[in-house]
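Coordinates in review
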Amino acid sequence: MIFRLLVGLLVALAVGFGTSYYALTDGRLFAAVRVGSWAAWPDVGQPMPDPYSRAYLARTGHLQLGYAEGLQFTASTDDAGDPLDARCQYHVTGKVPGASFWTLVATDPTGANIAASPELPALHSERVARWGDGGLNATIGASMGPGNWLEIEGTGPFTLALTLYDAVVFSGANTAIEAMPAIEKVACQ
């Protein structure tokens, strides 16, 4: 009887802590919005964010934009589900959701920018060549590729952060982001 009670207690603790950890790191079932490989926490900029967003902010310590200022999407995997690796080259292509301005930055797991050039720490909407349909065509990696190139350095995992400033999603005309740029691995060194 005591053995079953202890096992039940251990299972309950494991499920409780496991669910909490999942909510704070991935959050797909709770407060995160996912579009392809990209994820965002839209409630973090609210005056009264939900408990999961508050916990996410407390755990990461990131400074967040206000709700009407913008929204940041991050991707740590490509569209095939493989973790992004700085030794590989990636194509990021497709439409960027409507925003007055956007930036695309590559960071290491600590949040440090891994751009190889201090003069070009990010791609942004004011200085990129676009496809005929207005879509983004960028190469992310240590080797130059077609389209816009964000040269990165280092090895190991990294994250892409696409920040939309003054986004159309907050204007009241459109409240959903249905498509984000695709992230495709091209080659690895």
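You'll find the structure just up there.
Below you will find a few notes about this structure.

Definitions and limits used
- Residues numbered from 1 in each chain as written.
- Predicted model: local features only at pLDDT ≥ 70, side-chain atom pairs only at ≥ 80, totals over all residues.
- Heavy atoms only, no water.
- Phe/Tyr/Trp six-rings, centres within 6.5 Å; stacked < 30°, edge-to-face > 60°.
- Helix = DSSP H or I, 4+ residues; strand = E, 2+ residues; numbered from the N terminus.
- Buried < 20%, exposed > 50% of the residue type's maximum accessible area, 1.4 Å probe, protein only.
- Pairing = 2+ DSSP bridges.
- Axes fitted to C-alpha atoms, helices over the stretch in contact; angles between N-to-C directions.
- Contact = heavy atoms within 4.5 Å.
- Polar contact = N/O pair within 3.5 Å; in protein donor to acceptor, adjacent residues only side chain to side chain.
- Patch = residues over 30% accessible without salt bridge, like charges linked within 9 Å, V, L, I, M, F, W, Y side chains within 5 Å.
- Areas by Shrake-Rupley, 256 points an atom, 1.4 Å probe, with all protein chains shown as cover.
- Salt bridge = Lys/Arg side-chain N within 4 Å of Asp/Glu carboxyl O.
- Core = buried A, V, L, I, M, F, W, Y, C linked by side-chain atoms within 4.5 Å.

1. Notes on the packing of aromatic side chains
Under the definition given, this model contains 2 aromatic pairs. When the ring of Y90 is compared with that of F158, the centres are 5.9 Å apart and the planes differ by 70°; the resulting orientation is edge-to-face. One end of the pair, Y90, is in strand β4 (residues 88-94); the other, F158, is in the loop between β8 (148-151) and β9 (159-167), and 68 residues separate them in sequence. The buried category is assigned to Y90, whose relative accessible area is 1%. Centre to centre, the rings of F101 and Y165 are 6.0 Å apart; their planes meet at 45°, and the pair counts as tilted. Note that F101 is positioned in strand β5 (residues 99-107) and Y165 in strand β9, a separation of 64 residues in sequence. Overall, the relative accessible area of 28% leaves F101 in the partly exposed class.

2. Details of the sheet that holds β8
Here 4 strands make up an open sheet; going across it, the order is β8-β7-β4-β10 and the pairing mixed. With one partner strand each, in any of the chains shown, β8 and β10 (182-188) form the two edges of the open sheet. Pairwise comparison of adjacent strand axes, ignoring direction, gives a mean angle of 20° for this sheet. When β4 meets strand β7 (residues 136-141), the two strands line up antiparallel, connected through 5 bridges. Paired with H91 across the two strands is T139, which belongs to β7.

3. A word on the environment of N148
Looking at where N148 falls in the secondary structure, it is placed in strand β8. Owing to a relative accessible area of 11%, N148 belongs among the buried residues under this scheme. The spacing of N148 and A138 is 10 residues in sequence and 4.4 Å in space, taken between C-alpha atoms. Dropping the residues within four chain positions of it, N148 is found in contact with L123, R127, V128, A129, L136, N137, A138 and T139. A distance of 2.8 Å separates the side chain of N148 from the backbone oxygen of A129, its partner in a polar contact.

4. Some details on a nonpolar patch on the surface
Nonpolar side chains collect at one region of the surface, where I2, L6, L9, L10 and L13 lie side by side and expose about 520 Å² of accessible area between them. Here L6 is to be found in helix α1 (residues 2-25). Of the residues examined, L6 reaches a relative accessible area of 48% and is grouped as partly exposed.

5. Remarks on the pattern of salt bridges
Opposite charge on two side chains permits them to pair, given that their charged atoms come into close proximity. If you walk through the whole model with that rule in mind, you get 2 salt bridges. When the shortest N-O distance is used, the salt bridge between D82 and K185 registers 3.7 Å. Note that D82 is positioned in the loop between β3 (70-75) and β4 and K185 in strand β10, a separation of 103 residues in sequence. Of the residues examined, K185 reaches a relative accessible area of 32% and is grouped as partly exposed. In this structure, the salt-bridge partner of R87 is D85, at a minimum N-O distance of 2.7 Å.

6. Side note on the pairing of β7
Extensive coverage of β7 is indicated by the burial of 6 of its 6 residues. Side chains of β7 alternate between two faces, with L136, A138 and I140 and N137, T139 and G141 buried alike. Sheet analysis places β7 next to β8, joined by 4 bridges and oriented parallel. Of the residues in β8, the one forming a bridge with A138 is N148.

7. Comments concerning the nonpolar core
Of all hydrophobic cores here, the largest spans 31 residues; its most connected members are W38, F73, L104, I140, F158 and L160. Those elements giving two or more residues to this core turn out to be β2 (38-40), β3, β4, β5, β7 and β9. The contact partners of I140, leaving out residues within four places of it in the chain, are C88, Q89, Y90, V92, L104, L123, L150, I152, F158 and L160.

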